[in-house]
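# Structural features, examined
Below, each chain spelled out in residue letters.
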Amino acid sequence: MSREILIHVGDGERRVAIVENKRLDDYYIELDRHRSTLGNIYKGKVESILPSINGAFVNIGQEKNGFLYLTDADHPYVRDFDNLNGPGTAAQSFFDRLLNRKPAAPSAAAEALPLNGQDAPKPDAPAATQVAGEQPRTDAPRDQQQGGREQQHGGRGRGRSGRGGPQKKDRPIPLKTGQEVLVQVEKDPFGTKGARLTTHLSIPGRFVVYMPYDKHIGVSQKIESPEERQRLRDIIRACDFVKDGGFIVRTVSQGQDKEELLNDARFVYDKWQKVVKLAKEKKAPAIIYQEGDIIWKVVRDFFRKELTAVHIDSKEEHEKLSKYVDALVGKAGLKKVHYYGGEQSIFEAHKVSAELERIYDQKVFLKTGAYIVIEPTEGVTVIDVNSGRYKTSASPEDAAFNVNIEAAPEIARQLRLRDLGGIIVIDFIDMSREDHKRKVLDVLKGELTKDLAKTEVNKISSLGLVEMTRERAGKTIESLKFAECPYCHGRGRVRID
């Protein structure tokens with residue numbers, strides 16, 4: 001299998017295409033006029049509190065105030081590697097002093113956690129501390145794990161439910177107007193809404209994610225071997241330089257040696273120490289930590305063993321990319337980094353430019369002549385599967401199954417390429433056989449495992465509809481490259497008379 005990364009650096013933009021076996025597999029855009037704030041940490045000031053919607057608006061120095069759920073400002077206390085470290089971690093004690101707060105007593109849920117050294121599940125565990133697609137799993141009984149399923153797969157933060165209700169009357173509001181608070185952006189501003197914020201901070205590295213507030217070791221669900229999971233936990237427990245906080249071990253850590261994992265853990269922990277220092281020095285509102293640019297993220301998140309090569313068409317950015325690879329991967333990784341200086345564009349030379357143009361099309365045609373129609377709206381994205389020019393002598397049931405089984409992986413791929421999120425409804429061609437429905441759903445879910453964004457998929461209904469959600473952390477690819485038509489205002493129609 002060949003896997004290449006193509007990076008085009010243009011005037012005010014950087015575009016990244018991930019190509020697997022000569023076929024476009026993923027796509028990212030970074031524009032100077034719209035730099036994502038996702039993952040940035042700010043020292044903000046609470047402007048207003050609305051208990052009725054269980055939220056607060058926080059001034060982080062941006063055009064619009066960010067929104068913080070009150071439940072996100074109320075840290076759960078959990079066991080550390082061996083036992084509970086007093087009423088809060090060292091990091092929490094620092095911020096209690098910084099923000100002039102009284103330390104809270106351990107919650108009843110924290111007191112009830114087991115003392116057997118296993119990675120116990122946390123109440124209200126913050127999904128915002130997870131890198132997209134890195135969902136930690138505990139080795140608790142299955143019935144205990146299921147309680148967090150919606151939380152893990154329902155979108156960034158805590159999914160579509162669990163945070164938006166009114167604050168409980170017997171629960172004190174953890175914030176006050178004018179209070180300074182350290183927050184991290186977990187969702188970019190969208191439409192008329194400001195950034196979604198969380199106080200469950202995280203610093204992602206190549207192999208691990210450091211969580212300063214959470215005394216917890218999580219291991220990616222995609223690592224299934226019990227022996228490997230235990231080996232990774234034992235390595236992280238050996239981080240004697242970390243005095244507080246916890247880690248999530250990422251999928252790419254599987255099979256990595258101890259030295260690489262500990263170096264990465266030290267790297268992200270040192271970053272956190274710089275955050276602590278700046279938080280003491282700066283006045284709100286101020287940015288404390290800024291996520292790296294898209295070149296940095298390519299190295300951190302996609303530079304894996306199976307990667308064949310990285311091609312980039314800018315000499316200046318090639319030097320930067322090489323420095324990142326040398327720092328994060330080592331000199332051996334530099335062999336995979338190549339500068340492209342051909343006359344054709346880098347995407348044309350690798351024969352993916354036509355595919356990139358098609359990701360903006362409403363219709364996507366399949367090899368058999370069938371096609372899918374993708375219609376994003378403000379509240380929901382609708383995808384319709386049509387037989388089109390597909391012809392066969394098979395029965396209507398088998399014909400519907402054949403089209404659906406071909407459409408399912410392409411739908412997952414298009415969601416990934418276009419970065420469509422929120423609620424998605426897929427209208428498959430009607431099938432009556434339950435085994436056909438299961439197979440189509442299994443193919444769809446199997447392709448979605450490649451997606452770094454968290455997803456949740458429901459069963460196929462009697463009408464042939466599949467309801468699913470996909471994490472939406474920022475603007476779609478289309479919205480970054482297109483503006484609303486000034487004549488029809490996005491309706492796609494011009495009035496005749």
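Residues numbered from 1 in each chain as written. Predicted model: local features only at pLDDT ≥ 70, side-chain atom pairs only at ≥ 80, totals over all residues. Heavy atoms only, no water.

## Looking at the sheet that holds strand S2 (residues 13–20)
With mixed pairing, five strands are arranged side by side in an open sheet as S3-S2-S1-S15-S16. Because the sheet does not close on itself, it has two edges, and the strands there are strand S3 (23–31) and strand S16 (337–339). Pairs of neighbouring strands in the sheet enclose a mean axial angle of 20°, with direction left out of account. By the bridge criterion, four bridges tie strand S1 (residues 3–10) to strand S15 (residues 309–312) in an arrangement that is parallel. Considered in S15, the bridge of Leu6 is made with His311. (Pairing = 2+ DSSP bridges. Helix = DSSP H or I, 4+ residues; strand = E, 2+ residues; numbered from the N terminus. Axes fitted to C-alpha atoms, helices over the stretch in contact; angles between N-to-C directions.)

## Notes on helix H8 (residues 315–328)
If you check H8, its first and last C-alpha atoms are 20 Å apart, about what 14 residues at 1.5 Å a residue would give, namely 20 Å. Burial in H8 covers these residues: Glu317, Leu321, Ser322, Val325 and Leu328. For H8, the angular spread of buried residues about the axis comes to 145°, placing them on one side. Summarising the geometry of H8, the exposed residues directed more than 90 degrees from the buried face are Lys315, Glu316, Glu319, Lys323 and Ala327. Buried residues along H8 sit in contact with S1, helix H6 (258–281), helix H7 (294–302), S15 and S16. (Expected span 1.5 Å × (residues − 1). Buried < 20%, exposed > 50% of the residue type's maximum accessible area, 1.4 Å probe, protein only. Arc of directions from axis to C-beta. Contact = heavy atoms within 4.5 Å.)

## Section: the sheet that holds strand S21 (residues 455–460)
The strand order across the open sheet built from six strands is S17-S18-S19-S20-S22-S21, with neighbouring strands paired in mixed fashion. Edge strands, defined here as strands with exactly one partner in the open sheet, are strand S17 (363–365) and S21. Across the sheet, the axes of successive neighbouring strands diverge by a mean angle of 20°, strand direction being ignored. Of the strands in this sheet, strand S20 (422–427), S21 and strand S22 (465–470) are in contact with helix H12 (residues 434–448), which crosses S21 at around 175°.

## Side note on the side chain of Glu291
One can find Glu291 in the loop between strand S14 (286–289) and H7. Within the local environment of Glu291, its side chain forms a polar contact with the side chain of Arg300, the two groups lying 3.2 Å apart. Excluding residues within four positions of it along the chain, Glu291 makes contact with Leu38, Gly39, Asn40, Pro204, Lys297 and Arg300. (Polar contact = N/O pair within 3.5 Å; in protein donor to acceptor, adjacent residues only side chain to side chain.)

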